[in-house]
Amino acid sequence: MSAPPRKARERAAELRTQLGHHAHRYYVLDDPEIGDEVYDGLLDELRALEEAHPQLQSADSPTLRVGGEPVGRLEKIEHLEPMLSLGNVRSEEELRAWVERMRNHLAREGIAEPAFTYVVEPKIDGLAISLVYRDGVLERGATRGNGLIGEDVTHNLRTIGAIPLHFEDAPALVEVRGEVYMSLADFTALNERRAEAGESTFMNPRNSAAGTIRQLDPADAAKRPLSIWCYQVGVGEGLSFTAHSEALEWLREHGFRVNSGIRVLESAEEVIAQCLDWERRRGELDFEIDGVVVKVDDLALQRRLGAVGRDPRWAVAWKFPPTTAVTKLEKVMWNVGKFGDLRPYAVLEPVRVGGVTIKLATLHNEQDILRKDIRAGEEVIVVRAGDVIPQVVSPAPHVAEQKDRPQAPHPPERCPFCDTPTVKPAEGVFTTCPNRDCPARAWQLLKHFVSRGAMDIDGLGEKQVALLQERGLVCSAADFYRLSEAQLLEIERFGELSVRNLLAAIESSKERPFARVLFALGIEEVGEVTGRNLAQSFRDIDALLAATPEQIAETNGVGEKMAVSIRAQLDEERMQKLIADLREIGLRFHDEGPPPSQGPLAGNTLVLTGSMPEWSREEATERIMAAGGRVTGSVSKKTDYLVAGESPGTKLEKAERLGVAVLNEAGLRKLLEGS
Ligand code: IVH
């Protein structure tokens, strides 16, 4: 193929410069100089040139904004520097305490009276992104992932108009970090479009941004408008800033979108005032923020302060309090739990809280409803804090004074699922359905059996379990292991591949350790921790089945009353049969491995907090216990190590105060290896 003529090459370069300039005016400065049609005309001309002369295509061509080649899958990318997370503060006192901690830390480093200047930024509720530019051309963009390794989403990031594809006056290598998000207006419009097309709608702007960024085909991503606020310069060859605010200014000058509400402030009191101001103005913004980020401006001080686990000491997130709304409580309905317990929930007139439309909320239990004086048919206050299940907190202020209020809700006299008369508790909180064969109750037990901390069978969610139950294929947990390919294929929702995967997942669940099997059985007092403790002290089901309540009560964390109840449940005929069946099927009813008293962590007590990059909490706990260590829930003087993952919270503060050694996952691995 012959080289493109000089004229074509020159025109393409000119078009790229013009399109780059106009994208910056439009997307970054929000101040366009030309209309959309003119922009599209220039883009069309460039596209035609590139089609005629494919050598003219380049990684930074604006034609990629409307979608380049789809990718087969998202590749993993190691970040040049770890992407950190942030510790939280929730009050003025906590913010002051953070400043105090920094002072103490620096004092230990020999810096007596540090003069802090702070940068206060909105905490955008989107997803963190890393952009790597080589010689000013966007080379790679990735999601945060676990902070060390993210996913390559360059193809989709190129479709975001506010992200420069190239910039002038650039160092050889620079990494820019920021938060990709969807504006509220774009989010609403997108959802309306999807609803009209009969497609599912997104829960909130963050979910829709995250879903968009992970698309394989950039043409799909291009159809959903995203934007970015840039807030950090990572690695930068030949760049030497002395302050974070300088780096932000550099970003702005080089065409990156930096929020104009960011302030540089001199005192903690000014910082607090600014945080409260953002909190007040939160609802006026065209994007969701879930807090405010406060950073120490001086980069030399930042370096001296360093990080604890994944959280820098030099920055903190001021989190907003849970969001509330008022709506009508239409009715109270009742679910049946694993042990027949009737659990109330609220059906609400749909309302938007903290960025999500909610229709259901938990009411915890009967007493709670009475205590809070909540009545169906009235207006109530609902709270949704972060990702937690929404809750009804109280009647709306004006309601309680009214006369002729509706009756207080009370549990139904017959089980809503099997019509058995319900039983009021002699003690305890819940009215129960006493029917052991109640389908709702069985469903809860089956769901529990396959759930994450228990047998962890991938591909069996609550819907699948319900389907299997309805078809009469699964009555007891042992039936999961008796399912055949032919039976599953008859269910319309199960394809050939998913059936094969499911059967493999069921088969491999037979490898779960004894502790998990004990937990999965669904014994009322046996949670994950007690399951592990029982497995550790008895090591074998026969030993446990032969134990007296007194012997069971010798187990760590098991009281006398609990032991009697556990004993009684083990004696029930259906439990005996379940254990016998599962045993025959080949599940583990014996603890393997050397006795933990000889492991490298023998005699040590550890506490886990925050999420770790590789291991789930269950995995980490299992490993610690296999090495002879104990895992407890709260930090005390007796704690030997705190293992802190991401967003560790107050346990970390307490550990620091008590002088307890703090480790991250890598540190834990070393301990487990005995080094
Ligand atoms: S700084 C210190 N600045 O919050 C390094 N993060 O909880 C941490 N975020 O993963 C990042 N707005 O997704 C920083 N102005 C801002 C931010 C911000 C939102 C997010 C980001 C990060 C998370 C940390």
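Below is a summary of the structure that appears in this document.

### What to know about the overall build of the chain
So, point 1. Within the chain, the secondary structure is distributed over 24 helices and 22 strands.
So, point 2. In terms of overall dimensions, the chain is globule-like: its C-alpha atoms have a radius of gyration of 29 Å, near the 26 Å expected for 675 residues.
So, point 3. Along the first, second and third principal axes, the C-alpha atoms of the chain reach 90 × 70 × 65 Å.
So, point 4. Across the 675 residues in the chain, those meeting the buried criterion constitute 47%.
So, point 5. For the chain, the share of sequence-separated contacts (at least 6 apart) that also reach a separation of at least 24 residues comes to 66%.
So, point 6. A total accessible area of about 33100 Å² is found for the chain, and carbon and sulfur atoms account for 49% of it.
So, point 7. Within the chain, one finds 83 positive and 106 negative side-chain charges whose respective centroids are separated by 3 Å.

### Regarding the sheet that holds strand β4 (residues 127-134)
So, point 1. As summarised here, the arrangement of the 4 strands in space is β5-β4-β7-β8, forming an open sheet in which the pairing is antiparallel. On the outer flanks of this sheet lie β5 (137-143) and β8 (227-236), each paired with one strand and no other. Averaged over all neighbouring strand pairs, the angle between strand axes comes to 25°, with direction disregarded.
So, point 2. Pairing analysis gives 8 bridges linking β4 to strand β7 (residues 173-181), with the strands arranged antiparallel. Its bridge partner being in β7, Tyr-133 is matched across the sheet by Val-174.
So, point 3. In this fold helix α8 (residues 244-253) packs onto β7 and β8, with an angle of close to 120° to the strand it touches most, β8.

### Examining unusual backbone geometry
Comment: phi is negative for the bulk of residues other than glycine, and the bulk of peptide bonds are trans.
So, point 1. One non-glycine residue with positive phi stands out, namely Asp-30, at about 60°.
So, point 2. Within the element layout of this structure, Asp-30 appears in the loop between α1 (6-28) and α2 (36-52).
So, point 3. The exposed category is assigned to Asp-30, whose relative accessible area is 66%.
So, point 4. Despite not being glycine, Asp-373 has its phi angle at roughly 65°, a positive value.
So, point 5. Structurally, Asp-373 can be placed in the loop between α11 (366-372) and β17 (379-384).
So, point 6. For Asp-373, a relative accessible area of 25% gives the class partly exposed.

### Here's the deal with the pairing of β5
So, point 1. Bridging between β4 and β5 involves 6 bridges; their strand directions are antiparallel. Paired with Leu-131 across the strands is Gly-141, a residue of β5.
So, point 2. Count of turn residues in the β4/β5 antiparallel hairpin: 2 residues, of which Asp-135 carries a positive phi of about 50°.

### Focus: the site of the ligand
So, point 1. Around the ligand sit 14 residues, and of these Glu-121, Ile-124, Glu-179, Tyr-231 and Lys-295 come closest.
So, point 2. A distance of 3.4 Å is found between an oxygen atom of the ligand and a side-chain nitrogen or oxygen belonging to Lys-123.
So, point 3. Computed on the free molecule, the ligand has an accessible area of 510 Å², of which 89% lies beneath the protein chains in the complex.
So, point 4. Contributions of two or more residues to the shell around the ligand are made by β3 (118-124) and β10 (289-296).
So, point 5. The greatest single-element share of the shell around the ligand, amounting to 4 residues, is contributed by β3.
So, point 6. Grouping the amino acids of the shell around the ligand by side-chain chemistry returns 9 nonpolar, no polar and 5 charged.

### Some words on the packing of aromatic side chains
So, point 1. Per the stated rule, a full pass over the model turns up 14 aromatic pairs.
So, point 2. Positioned above the aromatic ring of Trp-278 is the side chain of Arg-281, whose terminal nitrogen or guanidinium carbon lies 4.6 Å from the ring centre.
So, point 3. One cation-aromatic arrangement involves Arg-669 over Trp-615; the distance from NZ or CZ to the ring centre is 4.3 Å.

### Overview of the environment of Leu-342
So, point 1. Relative to the elements of secondary structure, Leu-342 occurs in strand β15 (residues 342-353).
So, point 2. Put simply, Leu-342 and Phe-430 are 88 residues apart on the chain and 6.1 Å apart in space, counted from C-alpha to C-alpha.
So, point 3. Setting aside anything within four residues of it in sequence, one finds Leu-342 in contact with Trp-334, Asn-335, Val-336, Pro-412, Pro-416, Thr-422, Phe-430, Thr-431 and Thr-432.

### Side note on the packing of α1 against α2
The angle between the axes and the distance between the axes are what describe a pair of packed helices.
So, point 1. The contact between α1 and α2 brings their axes to 10 Å, and the two run at 145°. The handedness of the crossing between α1 and α2 is left-handed. For the pair α1 and α2, the contacting residues are Ala-8, Arg-11, Ala-12, Leu-15, Arg-16, Gln-18, Leu-19, His-22, Ala-23 and Tyr-26 in the first and Asp-36, Tyr-39, Leu-42, Leu-43, Glu-45, Leu-46, Leu-49 and Glu-50 in the second.
So, point 2. Broken down by class, the residue content of the contact of α1 with α2 amounts to 11 nonpolar, 2 polar and 5 charged.

### Points about the sheet that holds β10
So, point 1. Strands sit in the order β2-β13-β10-β3-β9 across an open sheet of 5 strands; the sheet is mixed. Only two strands of the sheet have a single neighbouring strand rather than two, namely β2 (88-89) and β9 (263-265).
So, point 2. Pairing of β3 with β10, which is carried by 7 bridges, proceeds in the antiparallel orientation. When the sheet's bridge partners are listed, Ile-124 is paired in β10 with Ile-289.
So, point 3. Lying on the sheet, helix α3 (residues 92-108) is in contact with β2, β3, β10 and β13 (315-319); it crosses β13 at an angle near 175°.
So, point 4. Strand contacts of helix α9 (residues 268-281): β3, β9, β10 and β13, with the helix running at about 20° to β3, the strand carrying the most contacts.

### Here's the deal with the nonpolar core
So, point 1. Residues Phe-449, Ile-457, Phe-480, Tyr-481, Ile-552 and Leu-582 are the most contacted members of the largest nonpolar core, which totals 49 residues.
So, point 2. Looking at this core, the elements that each hand over two or more residues are α12 (439-450), α13 (462-470), α15 (496-508), α16 (514-520), α17 (528-538), α18 (541-545), α20 (560-571) and α21 (573-585).
So, point 3. Per-element accounting of this core gives the leading share, 6 residues, to α16.
So, point 4. In this structure, Val-28, Leu-127, Ile-129 and Ala-209 belong to the second largest nonpolar core, which totals 37 residues.

### A look at α13
An α-helix turns once every 3.6 residues. As a result, residues three or four positions apart point the same way.
So, point 1. Buried within α13 are the following residues: Val-465, Ala-466, Leu-467, Leu-468 and Gln-469.
So, point 2. Buried residues along α13 sit against α12 and α14 (485-489).

### Looking at the environment of Ser-616
So, point 1. Assignment of secondary structure puts Ser-616 in the loop between β19 (605-609) and α22 (617-626).
So, point 2. Residue class for Ser-616 comes out buried when judged on its relative accessible area of 18%.
So, point 3. A C-alpha to C-alpha distance of 23 Å links Ser-616 and Arg-214, two positions 402 residues apart in sequence.
So, point 4. A polar contact of 3.2 Å, which involves the side chain of Ser-616, links it to the backbone nitrogen of Glu-619.

### Focus on α8
So, point 1. Restricting attention to buried positions, one finds in α8 the residues His-244, Ala-247, Leu-248, Trp-250 and Leu-251. Along α8, the residues classed as buried sweep out an arc of 160° about the axis, all on the same side.
So, point 2. A positive backbone phi angle near 95° is found at Gly-255, which sits one or two residues after α8.

### Brief notes about the side chain of Arg-224
So, point 1. Within the fold, Arg-224 resides in the loop between α7 (218-222) and β8.
So, point 2. Residue Arg-224 is classed as buried on the basis of its relative accessible area of 13%.

### Description of the pattern of salt bridges
So, point 1. As enumerated under the stated definition, the model contains 48 salt bridges in all.
So, point 2. Close ionic contact of Arg-101 with Glu-653 constitutes a salt bridge, the shortest N to O distance being 4.0 Å. One end of the pair, Arg-101, is in helix α3; the other, Glu-653, is in helix α23 (residues 650-658), with 552 residues separating them in the sequence.
So, point 3. Note that Arg-281 is salt-bridged to Asp-277, the shortest N-O span being 3.1 Å. Of this pair, Arg-281 and Asp-277 are both found in helix α9, 4 residues apart, which corresponds to roughly one turn of the helix.
So, point 4. In this structure Asp-277 comes out as partly exposed when scored by relative accessible area, which is 24%.

The rules behind the values
In every chain, residue numbers begin from 1 and rise along the written sequence. Where local features are concerned, this predicted model is filtered to residues with pLDDT of at least 70; where side-chain atom pairs are given and counted, the filter is 80 or more; whole-chain, interface and lining totals use all residues. The side-chain numbers reported here are obtained from all heavy atoms of the structure, hydrogens and water having been left aside. Strands are runs of DSSP state E lasting at least 2 residues, helices are runs of H or I lasting at least 4, and numbering of each runs from the N terminus. Only C-alpha atoms enter the radius of gyration; for comparison, a globular chain is expected to reach 2.2 Å times N to the power 0.38, where N is the number of residues. Relative accessible area decides the class of each residue, using a 1.4 Å probe on protein chains only: under 20% of the type maximum gives buried, over 50% gives exposed, and in between gives partly exposed. Residue contacts follow a heavy-atom distance rule, with two residues in contact if any of their heavy atoms lie within 4.5 Å. Here the open area of atoms and residues is found with the Shrake-Rupley method and a 1.4 Å probe, where only the protein chains shown may cover a residue. Only four residue types enter the tally: Lys and Arg on the positive side, Asp and Glu on the negative side; His and the chain ends are excluded. By convention, the charge on Lys lies at NZ, on Arg at CZ, on Asp at CG and on Glu at CD. Pairing between two strands is assigned when DSSP locates at least 2 bridges connecting them. Here the axes come from fitting lines to C-alpha atoms, over the contacting stretch only for helices, and the angles between their N-to-C directions go from 0 to 180 degrees. The criterion for a residue being near a molecule or strand is simple. One of its heavy atoms has to lie within 4 Å of it. Polar contacts, as counted here, are pairs of nitrogen or oxygen atoms within 3.5 Å of one another; within protein the pair requires one atom able to donate a hydrogen and one able to accept it, and residues that are adjacent in sequence qualify only if both atoms are side-chain atoms. Residues are grouped as follows: Ala, Val, Leu, Ile, Met, Phe, Trp, Tyr, Cys and Pro are nonpolar; Asp, Glu, Lys and Arg are charged; all remaining types, including Gly, are polar. Note on ring pairs: Phe, Tyr and Trp rings are taken, using the six-membered ring of Trp, and paired if centres are within 6.5 Å. Classes follow the plane angle, with under 30 degrees stacked, over 60 edge-to-face and the rest tilted. Charge-over-ring contacts are defined here by two conditions on Lys NZ or Arg CZ: a distance within 6 Å of the ring centre and an angle within 35 degrees of the ring normal. Throughout, a crossing is termed right-handed when the near helix is turned clockwise from the far one, and left-handed when it is turned anticlockwise from it by less than a right angle. Buried Ala, Val, Leu, Ile, Met, Phe, Trp, Tyr and Cys residues form a nonpolar core when they are joined through side-chain atoms within 4.5 Å. Here the arc refers to the set of directions running from the helix axis out to each C-beta atom. What counts as a salt bridge is simple: a side-chain nitrogen of Lys or Arg found within 4 Å of a carboxyl oxygen of Asp or Glu.

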